[in-house]
Every structure is written in structure tokens, then in C-alpha cells.
Amino acid sequence: MSASESGNIESVLHETRVFPPPAEFTPRVSFKTEEEYEQAWQHAKDNPAEFWGELAQENLTWFEPFTSTMSGEMPETKWFEGGKINASYQCLDRHIEAGHGNKAAIIWEGEPGDTRVLRYQDLHREVCRFANVLKRMGIEAGDRITIYMPMVPELAIAMLACARIGATHSIIFGGFSADAVADRNNDAEAKLVITADAGWRRGKEVPLKIAVDESLERSPTVEKVIVYQRTGADVTMVPDRDYWWHELMENESADCPAASLDSEHPLFILYTSGSTGKPKGVMHTTAGYMLGAQMTTKWVFDLSPEDTYWCTADIGWITGHSYIVYGPLANGATTMMYEGAPNWPDEGRFWELVEKYRVTLFYTAPTAIRAFMKWGDQFPQKADLSSLRLLGTVGEPINPKAWMWYHTVIGGERCPIVDTWWQTETGGIMISPLPGITPTKPGSCTKPLPGVVPAIVDESGQEVGDNQGGLLVMTQPWPHMLRTLYGDHERFVDTYFSKIDGCYFAGDGARKDEDGYYWVMGRVDDVLNVSGHRLSTMEVESALVSHEQVTEAAVVGFPHELKGEGICCFVTAKDGGSEELKKELTQHVRKQIGAIATPDQIRFAAALPKTRSGKIMRRLLRDIAAGRESAGDTTTLEDFTVLAKLRETED
Ligand code: WTA
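In this report, the structure presented in the accompanying data block is examined. Owing to the predicted nature of the structure, the values given are computational and were not obtained by experimental measurement.

**Brief notes about the overall build of the protein**
Helix and strand content of the protein: 21 helices and 30 strands. Here the C-alpha atoms of the protein give a radius of gyration of 24 Å, agreeing with the 26 Å that 2.2 N^0.38 yields for 651 residues. Oriented by its inertia axes, the alpha-carbon framework of the protein measures out at about 75 × 65 × 55 Å. Put simply, the protein has 651 residues, and 62% of those count as buried. Carbon and sulfur atoms make up 48% of the accessible area of the protein, which totals about 24,000 Å².

Spelled out as C-alpha cells, the structure:
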């Protein structure tokens, strides 16, 4: 596969194949026919309050009923006001009350091969005990708690325990650095950090506690740290600040009633990258988010009690929040969690897991699919994948070649593929095929779910015609949309609601074809999508310029065979630059942000190409990074004089 093929856009533009829903697939709990879907979609568009109100009444357990389904214009729409609810009750207690306490809630496998199964009653007991621990540590409803953990069941337990008492969790992906943790602690004014000694990744320990220690040197709001012992790594425990999870849990009571919380009580904050250097604390509230997570899981994955469902994301991202923890558990289903890397001890690990646990529904990212393709068919072919009945993807556009491989090699041509478009901000899946009823086209996320009303518009907000590229917006509010950016409501309004009048602006470019299918082309802002992870170019730039040798830096994305998008950094350095400095800068960025921001290319330049008004010519840099503009054979760009002509036309 060439770089340009994986660059999605070219190949997606020429894609014309249509795959009818596989005859082998019969929806168990989701929509049964296209007409049923069309009717629901139209009804939800015309009467959103009726549509969502009925779903909320039927599917959520209310301690007190809501008095108004939706009120206020977007972006200030409030949902289910007057109602009292609890997300952990929704995920646990009501299933136990219905007699399903013995059903497996979480099937977990650690990277070294250790396994655990937590039934609903086990998970409930641990959540209640840990919620009592939190209370004893002085945590109250509304307090913010940072969670920085490996993929162990205790991560889900910690989340649900926060939800049980109304504390707002802010989970930070374990791949972020100490500096990133400190920034997020401070922005959220977190009172407590929950972490582990370390986690396993490709046979090595990821030293989480050490990073937390470093972050706390500049996190004044954090009072205490709870440490789950995962690997037995050597860690320093600071007296009166650091506490072992297992010691706190000893003798703790399992009796902890779920707090009765307002529908709009903040459930969690999750930081994501925007177009400035400062991460945004996307805030979701309880009832609307839970309804979205629960219904979309049911509709899109057809998740039934008989299924074993595995979403391979990390819980540190929104996909893990909604589709490993809240969505599947709210449906009373069995969700799988795997701690480690897909290529440990070898490249067949995922497929062995599918065979071992007879996984029926499998949800992963295009970047992973491209890696599997590269590793070779022999790995999936060694395993029995016949249990699979549905496949999903998320995080970035999927190139048709990867789609076809997923369809044939993994899905045996019998599994529908749901290509799900959504965002941290949307809380749940927005545009996706419904399995078994929507014909699919490789590379298209197809049609909006009921309750979702998108449009493709130009800069002035005018809807564009079929197959014309434009900006993807939502014209109506939905219950699981973000409510604010923590501590910065103005930035929230500015970022999402001021670009196109009356609409939610997603930040993606897309087109709609003659069948009403959406084709998402990628970000239109300065956000990179590297292996399905969002990163802002400014974030990487400010990390680079914080190095003493760097005078100026410009960061752009370029098509990358595996990652979808790679990170290319143009740097002007005081001493001109050297191989040595390249290594140092790579380390520096990893330290400032984390391993996910590791630059793929660092190119030194005597000066960055600018317009006469001083703006960096990013388009030109993107062309150079992608190899579309020849910049000589060396990786070092001595200067840009050859491109000076372009500079003039750009101005
Ligand atoms: C991109 C991940 C094309 C998109 C759930 C969006 C996609 C960003 C798809 C959100 C898809 C996600 N097809 N692009 N199926 N899914 N994206 O917040 O650019 O980490 O804006 O949420 O990923 O990334 P986030």
C-alpha cells in the first residue's frame, strides 16, 4: 500500500462498491428493517422531545422522573431536567435487581495472560466498596478526580465508584506524560489521583506512579493519591498522601447506596485536543450521556445478552468510556477488556483472544487494521474467528483497502462492518450503518442514527449539493452532546457554535453522496489524527519551542501508511540542527506530551516559509511533508529560497 492510498481521501473519492447487508446477519435487538430505521429517524427529526423522552422513560431507571425532556436552544440545551438518576445504578444495580447478578459483566485479560471475570454482582460489590473508600477520603459529589491507570478492571471500578457518589472523573490515557497529567490536574482542579504502580505494555512496565509523582510537583490541588498494585513495581509512597488501593479496600463495606443526582450532574471530563495548544476539558453530564451510550450501543452493535463484545480501545479515550464501560454495562452485556499490546507476545494475540472467548462483536480502529494487514494474514488465519458476527471501526476514515481486508480476512464476508463516525464531544456514535439493514460502502460511515440531524455546509452555512465537499455540522441538539469545556464556557461556544450559525460545528470536512451517505474526509482545523488519536499541531509546536535550542517550529500532518497521519516538524534551531538534536527533540516532545506525540519527521530549516504578513505557509509545508513538493534529497531543508516564488503567490 502506498502512502497516498492510505491517505484515504484519494481512494475514498473513487469508491463505488456497495455491499448489501450479509444474509447471515439477523439483528437481535437493533432495528429490524430499513423502513423501521427511516421512520424512527424522521420521527426523531420532527419530534426530538417525544423521541428522546420516550426512550429515556423506557430505558433509564429514574429515582425521580424528569419534568421536561429538553429545554433551551443549542448550545445551552438541557435534557431531562427535574429527573434524578445515577449512572452506576444504571450500569449495575438494576441488572442485579432483574436477576442477572450472575452474568459476566467484565471479562478481562492482562498482557501476561492472567485473567479475571467479574460478574455483575462482583463489579457492584467492588464499586460500592471503592465508593466508600472515596467517601472516607473526603470526596464529595462534584469533586474532580483524575484517573491515570492501565487497562485493569479497577479502572472501570474507579469510574463507576466516582459515578456512584457523583464525583466527576477525568481519565488520562496512560500514554500521556507527567507534564500532560499535571496540566490536566490543574485545569480540572482535581482533588485526588487514582493510579497504579505500573501497567504492562509489550512485556515492559509503564511507570505510571513515577509519572504521577512528577506531575504532583506542580499540581497544587491534588491532596491524595490512591495506588492500585498491578505489576509490583518499586514505587515510593509518600506518607499521608499516597495510599494503597488494597489496604483501603480491606474491611470496607459493600453497602453504598447510589447517590440521587440531577440529570445534568457532570459525569466526567475528558481532555481532547483542539486547534490551540491547550487541551479542552470536554464535559458530559449524566442522563443524556447515559441514554446516548446505552441506545447507540444497542442500535449499532446489536448488543444482546448472548454476545461477548470486545472494543479494543483504551478506556482513556472516549471510545473506551462509551463502548467498553458505560454503553455495554448499561445494556447488561458482557464487555471484554484487554490490558496490553496487540503484538504481544506475537502479532496473533487479538485473534487468539477472539477464539478463546468466542467474541461475537469486535470494535477497533483503522490504524490497527492496517497494522494487522501489514503483519500478515497468517495470524488471523491461525485462529478460529467463526464466533464473530459483527465488526466495527472508529477514529478516522477507513481506507477501502483496509475495509476490504477486514471484511474478508476477519469477517469471512459474513459480518456487517459498522464504520462509526463520532467524537469525544458527541459522547456517542452519530453516523453509522445499522447492522444487517444498511447497505455499506467501503470508506463511508453511511447514515445518521435516529436523533442525529447532520448537514454539509459551506463557510457561510449554506447547505452544499450532493457530492460537494463542505463542513460537517449538526443542526439539532442531541442528549449526549458535550455541555461545556470545563472552566471555559466561552471557548465552548466559540469552538463549536460560532462558526456556523445555529449549528454544532464538528471540525471535519465531509461530503454526502446521492444516496445520502456521508463520507468524512478528515479534520479541517489544525488537529492531527495520528493512529486515531487527536493531537493539535500547536500542542506539538509549543512542546518544540519550549526546548532551548529551538527558535521556531511548525508542525503539519502527512499521509502515513499505518498511522493514517504522521507528525512532521519543521524546526529552526539555534545551531542549525543535527542528528543529535533530532533525537533530543523527539525525547523532549515525548516528555512534554507523551509517546503518542512522537514526531515521525523532524526537518531543520534556516527559516520557515512565511507570507509577507508573517503567517507560516502551512499548505506548502504539508506538501513538502507529503512529498508532493520537492525539497531536495536531504532531510535537512537548508533554506526555502527555491520555494520563494510560491511564497509570493500565497500572500
Ligand atoms: C475522526 C473518536 C472518519 C474525525 C470517537 C473526528 C472519523 C475525530 C471517524 C474524533 C470515522 C472518528 N470516519 N473519521 N468513522 N471516527 N473520526 O474525539 O476526524 O478521538 O472529528 O473521537 O476522529 O476523534 P475523537
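**Re the pattern of salt bridges**
The final tally for this structure, using the stated rule, is 41 salt bridges. Across the salt bridge formed by Lys191 and Asp143, the nearest N and O atoms sit 3.2 Å from each other. Highlighted residues: Lys191 in the loop between helix H8 (178–188) and strand S8 (192–196) and Asp143 in the loop between helix H6 (120–136) and strand S6 (144–148), separated in sequence by 48 residues. On the basis of relative accessible area, Lys191 is assigned to the partly exposed category, the value being 22%. Taking the shortest distance from any N to any O, the salt bridge between Lys280 and Glu425 comes out at 3.8 Å. Pair noted here: Lys280 is in strand S15 (residues 280–285) and Glu425 is in the loop between strand S20 (417–420) and strand S21 (454–457), with a separation of 145 residues, a long-range link. Glu425 shares its class with Lys280; the two are buried. Connected through salt bridges with shared partners, the residues Arg119, Asp122, Arg125, Glu126 and Arg129 form a single ionic network.

**Focus on the nonpolar core**
Judged by nonpolar contacts, the single largest core of 158 residues is most densely connected at Phe130, Leu134, Phe301 and Tyr326. With 10 residues, the single largest contributor to this core is helix H7 (residues 153–165). Residue-level mapping places this core at the junction of two domains, with at least three residues from each of domain 1 (91–103 + 119–262) and domain 2 (527–648). The residues contacting Phe130, other than those within four sequence positions of it, are Ile157, Ala158, Ala161, Ile194, Ile226, Trp245 and Met249. One finds Leu353, Val354, Phe362 and Phe379 within the second-largest nonpolar core, a separate group that totals 30 residues.

**Here's the deal with the site of the ligand**
In the region of the ligand, 17 residues are neighbours, and Asp419, Thr420, Thr424, Asp508 and Arg534 sit closest. A distance of 2.8 Å separates an oxygen atom of the ligand from a polar atom in the side chain of Asp508. Relative to its unbound accessible surface of 530 Å², the ligand loses 96% to contact with the protein. Elements represented by at least two residues in the shell around the ligand include exactly helix H12 (318–330), S20 and strand S25 (518–523).

The rules behind these values
- Residues numbered from 1 in each chain as written.
- Predicted model: local features only at pLDDT ≥ 70, side-chain atom pairs only at ≥ 80, totals over all residues.
- Heavy atoms only, no water.
- Helix = DSSP H or I, 4+ residues; strand = E, 2+ residues; numbered from the N terminus.
- Rg over C-alpha atoms; globule rule 2.2 N^0.38 Å.
- Buried < 20%, exposed > 50% of the residue type's maximum accessible area, 1.4 Å probe, protein only.
- Areas by Shrake-Rupley, 256 points an atom, 1.4 Å probe, with all protein chains shown as cover.
- Salt bridge = Lys/Arg side-chain N within 4 Å of Asp/Glu carboxyl O.
- Core = buried A, V, L, I, M, F, W, Y, C linked by side-chain atoms within 4.5 Å.
- Domains from an automatic or database assignment.
- Contact = heavy atoms within 4.5 Å.
- Near = heavy atom within 4 Å.
- Polar contact = N/O pair within 3.5 Å; in protein donor to acceptor, adjacent residues only side chain to side chain.

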